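Analysis of the macromolecular model
Residue-level listing of the chains:
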Amino acid sequence: LCGAFQVIGEDKAVWQRGRIMATEQATSANTASEIAAANSDSKNKRRTTCMGCKCTNLVLFHDLGQQPNGNTFLYANEVEKELFFDLSMQVCTDCFLVQLSYYPSADFMFSNHPYVSGLNKPVVRHFEILAKHIVNKIGTENGDLVIDVGCNDGSFLKCFAKHGLRVLGVDPGMRTGELAKKNGVLVFKQFWSHETGKYLSGLNVRPRIITATAVFYHVPDLHDFVLGLKMVMDETTVFVAQCVNMRDVIEKNEFDHFYHEHSCIYSISPLIKMLAIHGLRIHDVEMSDIHGGSFIAYIVRDKSPLKTTKSVATALHDDHEAGLYKIDTYHQFVSHVELNKRNLVALLQKLRAEKKTVYALGAPVKGSTLLNYFGIGPDLVELAVEVNEFKVGRVIPGVHIPVVDERSVGEPDYYLVLAWNFADFFREKFHEYLSCGGRFIVPCPTVEIIGPKE
């Protein structure tokens, strides 16, 4: 099986490399007219049918303007070729799935993706805990197969391998694919789809567990993704999907989860309805603090012997109480975001007038959304410090704040913590800096200046 898979994987990888080269060549050849056409095209091709239930009752509630893909980090001398796309969010008033109005090419966004899981220490620790929890919860046997969709550098799969499970990654990323290979993880370099599921089914691949952490809402066609799952799932397979929770987004003003890679943000009800179309259901759901608030759904075939637990009804009730099925909730959310915008910009302008230095701590994709929407550039935030080699030496998309190695510069008066969801980790990492008078600016859920943990 492994040998046969490697042959197909290599054939696909050759095709994938050619496709990426063509994409990069096309990007480097962008002219002003082509960029303008891309900008206009994204507005003209806004989604008209719901990704989940396929109804047409979509209401646009948050227009974040024209923005570049937040993970396309260019060098300073390349910014004239930068592509901008419509970034606005809609909600379906039939199923209340929140979704992106326009989704750029998946090849463009993911084939050379700069994010590396293994560099994110809180995420790696989360993976270690979650893998052990899943193994115990499902009751796996030695040698059972785990497929991780969007496996990145293989960090999550390495945790399963420690528990005696066989592992297989599916991910189109060329950079991260090489890192996964170095980590001893076999990766099928392809996007997950119905076609991918058919390839694996033809190789008699039968996983006990399929995982997708922060991936199941990064796809242009949810139904095609689920059809791929069905090709390899039997009645004992459990699909574990960790997703940003729309309830947390609303309650904590986490608008920066809106970016081009996130085709949608789930709450429980629209996910249940979409899965039901394909004969799948949520067996159990758990809540997690990761990424500012997520849920972990354990999804099975309708005929699975695993019964639906009370946690699903509880999650539905909590979403209803939070107002997720009322359109007014979404308009109120935008007004809260606008207040945060005014407060943060006013604070940064005050600090500039006081001759204080402000650096961004990290350059996550969510930070690109915030900086571009708030209109924050190098005049207010001088630079961003990073540990990711795929971002260092480049500029933050759109606002063109330089990204430098965090070890190469001194510490500022203030750090703007763009990865606010890991603020506790950074408070530990930068304890000495904070104890000596340095301060963090945290933009969510409200703008706050914080010091060391007491």
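Our structure is the block above this text.
Residue positions are given per chain, counted from 1 along the sequence in the order it is written. The predicted nature of this model means local features are confined to residues of pLDDT at least 70 and side-chain atom pairs, given and counted, to a pLDDT of 80 or more, with totals for whole chains, interfaces and linings taken over all residues. Only hydrogens and water are set aside; all other atoms, that is, all heavy atoms of the structure, feed into the side-chain values.

Secondary structure elements follow DSSP: runs of H or I no shorter than four residues count as helices, runs of E no shorter than two count as strands, and numbering proceeds from the N terminus. When helices and strands are counted, the protein chain shows 15 helices and 17 strands. The quantity called the radius of gyration is restricted to C-alpha atoms. Its globule counterpart is 2.2 Å times the number of residues to the power 0.38. Taking 22 Å as the expected radius of gyration for a compact globule of 454 residues, we find that the protein chain reaches 22 Å, a close match to that expectation. Along the first, second and third principal axes, the C-alpha set of the protein chain runs to 65 × 50 × 50 Å. Taking all 454 residues of the protein chain together, 57% fall into the buried category. The contacts of the protein chain with a sequence gap of at least 6 include a subset with a gap of at least 24, amounting to 70%. Roughly 18,700 Å² of accessible area belongs to the protein chain as shown, and the carbon and sulfur atoms make up 52% of that amount. For the exposure calls, accessible area comes from a 1.4 Å probe over protein chains only, and a residue counts as buried if that area is under 20% of its type's maximum, exposed if over 50%, partly exposed in between. Contacts: residue pairs with any heavy atoms within 4.5 Å of one another. Computed with a 1.4 Å probe, the accessible areas rest on the Shrake-Rupley method; for each residue, only the protein chains presented here act as cover.

Here we take up the environment of alanine 212. When you line up the elements, alanine 212 lands in strand β7 (residues 209–213). The spacing of alanine 212 and glutamate 195 is 17 residues in sequence and 17 Å in space, taken between C-alpha atoms.

The next thing to look at is the sheet that holds strand β6 (residues 187–188). Note on pairing: two strands pair once DSSP finds at least 2 bridges between them. The strand order across the open sheet built from seven strands is β6-β5-β4-β7-β8-β11-β10, with neighbouring strands paired in mixed fashion. The open sheet has two edge strands with one neighbour each: β6 and β10 (280–288).

Here the focus is the sheet that holds strand β1 (residues 58–68). If you walk across this open sheet you meet the four strands as β1-β2-β3-β9, and the pairing is antiparallel. Looking along the sheet, the strands with just one partner apiece sit at the ends: β1 and β9 (264–265). Strand direction decides the pairing type here: strand β2 (residues 84–92) and strand β3 (residues 98–100), joined by three bridges, are antiparallel. The residue of β3 that forms the bridge with glutamine 90 is glutamine 99. In this fold helix α13 (residues 365–374) packs onto β1 and β2, with an angle of close to 90° to the strand it touches most, β1. Angles shown run from 0 to 180 degrees and are taken between the N-to-C directions of axes, each axis being a line fitted to C-alpha atoms and, for helices, limited to the stretch in contact.

What follows is about unusual backbone geometry. Following cysteine 444, the chain continues into proline 445 via a peptide bond in cis, with omega recorded as 0°. Residue position: proline 445 is located in the loop between β16 (439–442) and β17 (448–450). One non-glycine residue, lysine 355, lies in positive phi territory at about 65°. Looking at where lysine 355 falls in the secondary structure, it is placed in the loop between α12 (327–353) and β12 (358–361).

What follows concerns the nonpolar core. For soluble globular proteins, nonpolar side chains are generally found buried alongside one another. Residues Ile147, Phe216, Phe239, Phe258, Tyr266 and Ile376 are the most contacted members of the largest nonpolar core, which totals 99 residues. Counting residues per element, this core draws most heavily on α12, which supplies nine residues. Not counting chain neighbours up to four residues away, the residues in contact with phenylalanine 239 comprise Ile210, Thr211, Ala212, Phe216, Phe225, Leu229, Met233, Ala297, Tyr298 and Ile299. Counting residues in hydrophobic clusters, the runner-up holds 42 residues, among them Cys151, Val300, Leu361 and Val417. Throughout, nonpolar core names a set of buried Ala, Val, Leu, Ile, Met, Phe, Trp, Tyr and Cys residues whose side chains join them through atoms within 4.5 Å.

Direction vectors running N to C along helix α7 (residues 194–202) and helix α8 (residues 222–232) enclose 10°, while the axes themselves pass 7 Å from each other. As the angle between them shows, α7 and α8 are arranged roughly parallel. Packed against α7, whose contacting residues are His194, Gly197, Lys198, Leu200 and Ser201, the element α8 presents Asp224, Leu227, Gly228, Met231 and Val232 at the interface. Residues are grouped as follows: Ala, Val, Leu, Ile, Met, Phe, Trp, Tyr, Cys and Pro are nonpolar; Asp, Glu, Lys and Arg are charged; all remaining types, including Gly, are polar. Class assignment of the residues belonging to the contact of α7 with α8 gives a composition of four nonpolar, four polar and two charged. Orientation labels follow simple angle bins: below 35 degrees gives roughly parallel, above 145 gives roughly antiparallel, 65 to 115 gives roughly perpendicular, and whatever is left gives oblique.

Between Lys or Arg on one side and Asp or Glu on the other, a salt bridge is scored when a side-chain nitrogen of the former is within 4 Å of a carboxyl oxygen of the latter. For the structure shown, the criterion picks out 14 salt bridges. Note that arginine 247 is salt-bridged to aspartate 319, the shortest N-O span being 2.7 Å. On the criterion of sequence distance, the pair formed by arginine 247 in helix α9 (residues 246–251) and aspartate 319 in helix α11 (residues 310–321) is long-range, its members being 72 residues apart.

If you trace the backbone, lysine 303 turns up in the loop between β11 (294–301) and α11. For lysine 303, a relative accessible area of 68% gives the class exposed. Along the backbone, lysine 303 and lysine 189 are 114 residues apart, and their C-alpha atoms lie at a distance of 31 Å.

Moving on, we get to the state of the cysteines. Count a disulfide wherever a pair of cysteine sulfur atoms falls within 2.5 Å. On inspection of all chains with the given rule, the structure shows zero disulfides. Looking at the unpaired cysteine 53, the closest cysteine sulfur is the one in cysteine 55, lying at 3.5 Å. Accessibility expressed as a relative area gives 25% for cysteine 53, which makes it partly exposed. Between cysteine 243, a cysteine without a disulfide, and cysteine 264, which holds the nearest cysteine sulfur, the sulfur-to-sulfur distance is 7.8 Å.

Turning our eyes to something else, we now look at the packing of α12 against α13. Two numbers describe how α12 lies on α13: the axes approach to 10 Å, and their chain directions differ by 80°. When the interaxial angle is binned, α12 and α13 end up roughly perpendicular. Between α12 and α13, the residues in contact are Val337, Glu338, Asn340, Lys341, Leu344 and Val345 and Leu370, Tyr373 and Phe374, respectively. Partitioning the contact of α12 with α13 into residue classes produces six nonpolar, one polar and two charged.

Before going further, it helps to examine the packing of aromatic side chains. For any two aromatic rings, the description comes down to two numbers: the centre-to-centre distance and the angle of the planes. Only Phe, Tyr and Trp rings take part, Trp by its six-membered ring, and two of them pair if their centres are within 6.5 Å. Stacked means planes under 30 degrees apart, edge-to-face means over 60, and tilted covers everything else. Going through the model one piece at a time under the given rule, you end up with 28 aromatic pairs. Relative to phenylalanine 333, the ring of phenylalanine 258 lies with its centre 6.0 Å away and its plane at 70°, an arrangement referred to as edge-to-face. Within this pair, whereas phenylalanine 258 is found in the loop between α9 and β9, its partner phenylalanine 333 is found in helix α12, the two being separated by 75 residues in sequence. Owing to a relative accessible area of 0%, phenylalanine 258 belongs among the buried residues under this scheme. Here the aromatic cluster, defined as three or more aromatic residues joined through ring pairs, consists of Tyr359, Tyr415, Phe425, Phe426, Phe430, Tyr433 and Phe440. Whether a charge sits over a ring comes down to the Lys NZ or Arg CZ being within 6 Å of the ring centre and within 35 degrees of the ring normal. Over the face of the ring belonging to tyrosine 298 we find lysine 137, whose NZ or CZ atom lies 4.8 Å from the ring centre.

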